[in-house]
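# Fold and geometry: a report
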Amino acid sequence: MTTAPTLAATREELAGLLAHRRAAGARVGFVPTMGALHAGHASLMREAANHADLVVVSIFVNPMQFGPTEDLERYPRTLDADLGLCSDNGVPLVFAPAVEEVYPDGFSHDGIRERVTVQPGTLATILDGESRPGHFDGVLTVVAKLFGLVQPDVAVFGQKDYQQLALIRAMVRDLCQPVEIIGAETMREPDGLAMSSRNRYLDPAQRAAATVLNRALRAAQEQAAYGVEQARSAAMSELSSEPSLDLDYLALTGTDLGKAPENGEGRILVAARFGSTRLIDNMSITFATPAGTARAGSTTTERSS
């Protein structure tokens, strides 16, 4: 029989529930989420439990990381189901604050400019940052706030949001935050689609079409031994086979999201829309340049026109 997690809705409730555990020397693990939880989130909870004595999950739909025209109101809120999934995975404490608990003066895009926020630097201006200006300011600001409230020893984030993970690691390093960051493997549906809360927006035809993302990434992995451009061409060939896809970007990079190496480990990342639903995915990739083969070109990012 599972035990329902304790729900904290305010800063004071959270601090009170954590105080005695910290006094007893418990190592605190943290999984920040925006709710609409699924098996991918459950894997993060289990990973956190491997590194901590107490796991805290936050459920907070952060308005700052949505642009003024993005889908904040559309984003699913499923608190009862989320608490059930937390219970099933042994999470004892869930922090589900109102907006006013995280942004004490309330939130508006104009008003936030007068407040102290986290500026994520140039890494936030490429890929998703280019497509969604200000998005990572919101992500890092809320993560910094939640770190301040939970004060975790370790926090777990999924690798599906690879740029987000890289930026959070950079923030922790640059702001000297005493939190160990763990990147957990992406969980996938049986057909390869990366698990995401946004998948529920897809109609059946869009859901079937979205599997092209996984096929494109794997095609690039298979061709990476022949060089960066061969890998890119293989991925683009797969993506071009799906007429309903609206490509945002396909990028082949280093593990640090810089220039893709001619030989060695890198990353391939993709973002695309199916109808009004924007999905992202990425995989690790190992590049090689066959002897005597010149590397063609230097552009590693393909964007829709």
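Presented here is a report on the structure given in the accompanying data block. (Residues numbered from 1 in each chain as written. Predicted model: local features only at pLDDT ≥ 70, side-chain atom pairs only at ≥ 80, totals over all residues. Heavy atoms only, no water.)

Summed over all chains, the structure comprises one cavity of 30 Å³ or more. The calculated volume of the largest cavity comes to roughly 40 Å³. Taken together, Lys160, Leu193, Ala194, Ser196, Asn199, Leu213, Leu279, Ile280 and Asp281 form the lining of the largest cavity. Residues of the lining of the largest cavity, tallied by class, amount to five nonpolar, two polar and two charged. (1 Å grid on protein atoms, 1.4 Å probe; cavity = no way out; pocket = protein on both sides within 12 Å on 5 of 7 lines; lining within 4 Å. Points joined across faces, edges and corners; volume = space filled by probe spheres on them. Nonpolar A, V, L, I, M, F, W, Y, C, P; charged D, E, K, R; others polar.)

Here we come to the pairing of strand E7 (residues 245-254). Remark: a regular strand shows side chains that alternate across the two faces of the sheet. Counting buried positions along E7 gives nine out of 10 residues, so the element sits mostly inside the fold. Alignment of E7 against strand E8 (residues 264-274), held across nine bridges, turns out to be antiparallel. Of the residues in E8, the one forming a bridge with threonine 253 is arginine 267. Sheet topology places E7 next to strand E10 (residues 301-303); three bridges connect them, and they run antiparallel. Along E10, the bridge assignment pairs alanine 251 with threonine 301. (Buried < 20%, exposed > 50% of the residue type's maximum accessible area, 1.4 Å probe, protein only. Helix = DSSP H or I, 4+ residues; strand = E, 2+ residues; numbered from the N terminus. Pairing = 2+ DSSP bridges.)

For strand E5 (residues 154-158) and strand E6 (residues 180-184), the ladder comprises five bridges, and the chain directions are parallel. Counterpart to alanine 155 in the pairing with E6 is isoleucine 181. Once the chain exits E5 it traverses helix H7 (residues 162-174) before rejoining the sheet at E6, and the crossover so formed is right-handed. (Right-handed = clockwise from strand over helix to strand, strands pointing away.)

This part takes up the packing of aromatic side chains. Tallying each qualifying case throughout the model produces five aromatic pairs. Centroid distance phenylalanine 66 to tyrosine 75: 5.9 Å. Interplanar angle 75°. Geometry classified as edge-to-face. Of the two residues, phenylalanine 66 and tyrosine 75, both sit in the buried class. Measuring from centroid to centroid gives 6.5 Å for phenylalanine 147 and phenylalanine 157, while their planes differ by 70°, and the two rings are edge-to-face. Here phenylalanine 157 lies in strand E5 and phenylalanine 147 lies in helix H6 (residues 135-150), a separation of 10 residues in the sequence. Each member of the pair phenylalanine 147 and phenylalanine 157 is classed as buried. (Phe/Tyr/Trp six-rings, centres within 6.5 Å; stacked < 30°, edge-to-face > 60°.)

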